[in-house]
Amino acid sequence: MQTATQTRSCTGLRPAFGVVAPRVQRMAAQPRHICDAAKIQFIRGVDEPTVPDVTLKRARSGTSGQALFVFDNPSIFQASSELGDITGLFMIDDEGTLSTTDVKAKFINGKPQAIEAKYAMRSQFEWDRFIRFMDRYAESNGMGFEKTSPQK
């Protein structure tokens, strides 16, 4: 039995004025409070400036979902020997920190080229919290949203 999913993707390569999901449009009409910019870290205390491609998948029931982050040639590769080991993916904003340890490096010809990280959401609350983080992260990094149809 196949599970149906909804897919939403964010990328730093598309302009912020690209196709916008309805959720982002609704939030733009609401009053906003000033908050610290959302950021991503692989080593606590060291911000990663490379903006990832992000793909979101959610079960139609809304009870679970997954985000896949792909960082092409992140700056942490150059600095990690001096700063320590990559310990996970930490998504930090004014509400707190979301984290995952499901982080993998991709190598080509023995040299690190990319980092892939998966973040699992197991409830509606976790999904909503992640979307709030991504809205803040997208706004502070000029990312756009593109909603795609479910894959069969």
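These lines cover the structure that appears in this document, whether it is placed above or below.

Procedures and definitions
Residues numbered from 1 in each chain as written. Predicted model: local features only at pLDDT ≥ 70, side-chain atom pairs only at ≥ 80, totals over all residues. Heavy atoms only, no water. Core = buried A, V, L, I, M, F, W, Y, C linked by side-chain atoms within 4.5 Å. Buried < 20%, exposed > 50% of the residue type's maximum accessible area, 1.4 Å probe, protein only. Helix = DSSP H or I, 4+ residues; strand = E, 2+ residues; numbered from the N terminus. Contact = heavy atoms within 4.5 Å. Phe/Tyr/Trp six-rings, centres within 6.5 Å; stacked < 30°, edge-to-face > 60°. Pairing = 2+ DSSP bridges.

Let's shift gears to the nonpolar core. By size, the foremost hydrophobic cluster in this structure holds 27 residues, and its most contacted members are F69, M91 and F130. Broken down by secondary-structure element, the contributors of at least two residues to this core are β2 (39-43), β4 (53-59), β5 (65-72), α2 (76-83), β6 (89-93), β9 (111-121) and α3 (124-141). When residues of this core are assigned to their parent elements, the largest contribution, seven residues, is made by α3. Apart from the residues lying within four places of it in its own chain, the contact partners of F69 are I40, P52, D53, V54, L89, M91, I115, E116, A117, Y119, F130 and M134.

All right, on to the packing of aromatic side chains then. According to the stated counting rule, one finds five aromatic pairs in the structure shown. Aromatic pair Y119 and F130: ring centres 5.5 Å apart, planes at 25°, arrangement stacked. Of this pair, Y119 sits in strand β9 while F130 sits in helix α3; the two residues are eleven residues apart in sequence, bridging distant segments of the chain. The class of Y119 is buried, set by a relative accessible area of 9%. Taking 5.7 Å as the distance between ring centres and 20° as the angle between the ring planes, the aromatic pair formed by F133 and Y137 counts as stacked. Placement of the pair is F133 and Y137 together in helix α3, with a separation of four residues, close to one helical turn. Each residue in the set F42, F69, F71, Y119 and F130 is aromatic and connected to the rest through ring pairs, giving one cluster.

Take the environment of G45 next. Structurally, G45 is set in the loop between β2 and β3 (46-47). Residues G45 and L83, spaced 38 residues apart in sequence, show a C-alpha to C-alpha distance of 9.8 Å.

Each regular strand shows side chains that alternate between the opposite faces of the sheet. Sheet topology places β6 next to strand β7 (residues 96-100); five bridges connect them, and they run antiparallel. Bridging from a neighbouring strand, I92 pairs with T97 of β7.

Let us look at the pairing of β6. Summarising burial for β6: five of the five residues are buried, a large majority. Taking every second residue as pointing to the same face, both faces of β6 are buried, with L89, M91 and D93 on one and F90 and I92 on the other. The sheet contact formed by β2 and β6 spans three bridges and is antiparallel. Each bridged residue has a counterpart across the sheet, and for I40 the counterpart in β6 is M91. In textbook terms, the turn of a hairpin is the stretch between consecutive antiparallel strands, and for β6 and β7 this stretch comprises two residues.

The residue N73 is not glycine, and still its phi comes out positive at about 45°. Structurally, N73 is set in the loop between β5 and α2. Look at N109: it is not a glycine, yet its phi comes out positive at around 55°. Summarising the element assignment, N109 is placed in the loop between β8 (103-108) and β9. On the accessibility criterion, N109 (76% relative accessible area) is exposed.

In short, the description is geometric, and any link to function would need to be established separately.
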